[in-house]
Structure formats: C-alpha cells, structure tokens
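Below, each chain spelled out in residue letters.
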Amino acid sequence: MADRDWRGRAAAPGAPDAPRRRDRLFGALQQLFGRPAAPPAPPCLEIEGASAGPVDPGTTALRAALELGVDVDHFCGGKASCSSCRVEVLEGADHLSPMSPRERMVLGPARAGAGDRLACQAQIRGPVRLRVPARF
Ligand code: FES
C-alpha cells in the first residue's frame, strides 16, 4: 500500500513519509513554545493553626473557611463593605482572583498593599494558605 499524506493523497515518490514530517513539525513547535505546562494544582485552602481541605474552584475564601469549620467574621454578609472578613495571605496569592477596585478601597491602601484580602471576595483557584487575624 502506498504512503498517503494527511489528505489521503498518494505521497509523491521520494517524498518524506508523513510520520517523520509530523515529528519534525512537533519538534519545531516544542522548540518555539516549550513543553506544555504542567496541570494546575487543585484548589485547596489551609487556615493557619485551624484547618485545611480541598475546595471547589472559584469558591470564595470566606465560604471555604466556613465549610472547613473556621469562624471568620462577615458582618455585611459578603458584600465587600465591612472588612470584617479580612485575612492575611501567607502563600498562594497568585492562586486567588484579582483584587477588585472596591475590595482595594474597603481594605485601604496599607492593607491592600500588604497583600491582605477580603475573604468574601477572594476566589480560590489553587493552593492557598491564609491567616485569620485576631480581632479583639
Ligand atoms: S463580609 Fe463584609 S467585607 Fe467581607
């Protein structure tokens, strides 16, 4: 049986066979773009000194903490207006959703600049470690 190209046509005599051309193409693409990235780590939350566990992607840190049995204040009910749910991000800040302008305003420039987040607004997308600051 004659070699066929990707369109099913008979390969021209002397033409390189299709698998070798495909391998060269993939090799060239890997050189250009590098190896495919490793799959992302599954979302999980660890609250320092309290609890840890897996969470569904996109779950807010507040909901995840409450589901893990950690008591986090949330006086405004998660409407980003009281800052009682403020948490300190110890690890995995890049695995949280970006900070919205409203969240930045409620936190204030000092706390937002220090990397604190409102647990009711920060959605978990990977492994994250947080600390719930002592209130009183
Ligand atoms: S619960 Fe009020 S700001 Fe998060």
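Predicted model only: the values in this text are computed from it and were never measured. (Residues numbered from 1 in each chain as written. Predicted model: local features only at pLDDT ≥ 70, side-chain atom pairs only at ≥ 80, totals over all residues.)

1. Some details on the overall build of the chain
We count it as follows: The secondary structure listing takes helices from DSSP runs of H or I that are at least 4 residues long and strands from runs of E that are at least 2 residues long, numbered from the N terminus. Three exposure classes are used, based on other C-beta atoms lying within 10 Å of a residue's own C-beta, which is placed from the backbone: buried for 20 or more, exposed for 12 or fewer, and partly exposed in between. Working definition of a contact: two residues with C-beta atoms, positioned from the backbone, lying within 7 Å.
Summing up its helical and strand segments, the chain has four helices and five strands in all. Along the chain direction, N to C, the helices and strands of the chain fall in the order α-β-β-α-β-α-α-β-β. A buried classification covers 22% of the 136 residues belonging to the chain. In the chain, of all internal contacts separated by at least 6 residues, the share reaching a separation of at least 24 is 58%.

2. Side note on unusual backbone geometry
What is expected of a backbone is that most residues other than glycine have negative phi and most peptide bonds are trans. Here the phi dihedral of Ala80 falls at roughly 55°; this positive angle occurs in a residue that is not glycine. As for its placement among the helices and strands, Ala80 is situated in the loop between helix 2 (61-67) and strand 3 (86-91). When the 16 C-beta atoms within 10 Å are taken as the criterion, Ala80 is described as partly exposed.

3. Some words on the sheet that holds strand 3
Put simply, the test is: When DSSP finds at least two bridges between two strands, those strands are taken to pair.
Pairing is mixed in the open sheet, where five strands are placed in the order 2-1-5-3-4. The sheet is open, and its two borders are formed by strand 2 (51-54) and strand 4 (117-118), each paired with just one other strand. In terms of strand pairing, strand 1 (residues 44-47) meets strand 5 (residues 127-131) through four bridges, oriented parallel. Across the sheet, Leu45 pairs through a bridge with Val128, a residue of strand 5.

4. Considering the pairing of strand 2
Judged from the four bridges that link them, strand 1 and strand 2 form a sheet pairing that is antiparallel. If you follow Cys44 over to strand 2, its bridge partner there is Pro54.

5. Focus: the nonpolar core
In globular proteins that are soluble, nonpolar side chains generally tend to be buried together. The test is simple: Think of a nonpolar core as buried Ala, Val, Leu, Ile, Met, Phe, Trp, Tyr and Cys residues, each tied to the set through C-beta atoms within 7 Å.
Residues Leu45, Ala61, Ala65 and Ala119 are the most contacted members of the largest nonpolar core, which totals 22 residues. Among all residues touching Ala61, those that are not within four sequence positions of it are Leu45, Val87, Arg117, Ala119, Ala122, Ile124 and Leu130.

6. Re the pairing of strand 5
With burial as the criterion, only one face of strand 5 is covered, namely that bearing Val128 and Leu130; the residues Pro127, Arg129 and Arg131 on the opposite face remain uncovered. Judged from the three bridges that link them, strand 3 and strand 5 form a sheet pairing that is antiparallel. Across the sheet, residue Glu91 finds its bridge partner in strand 5, namely Arg129.

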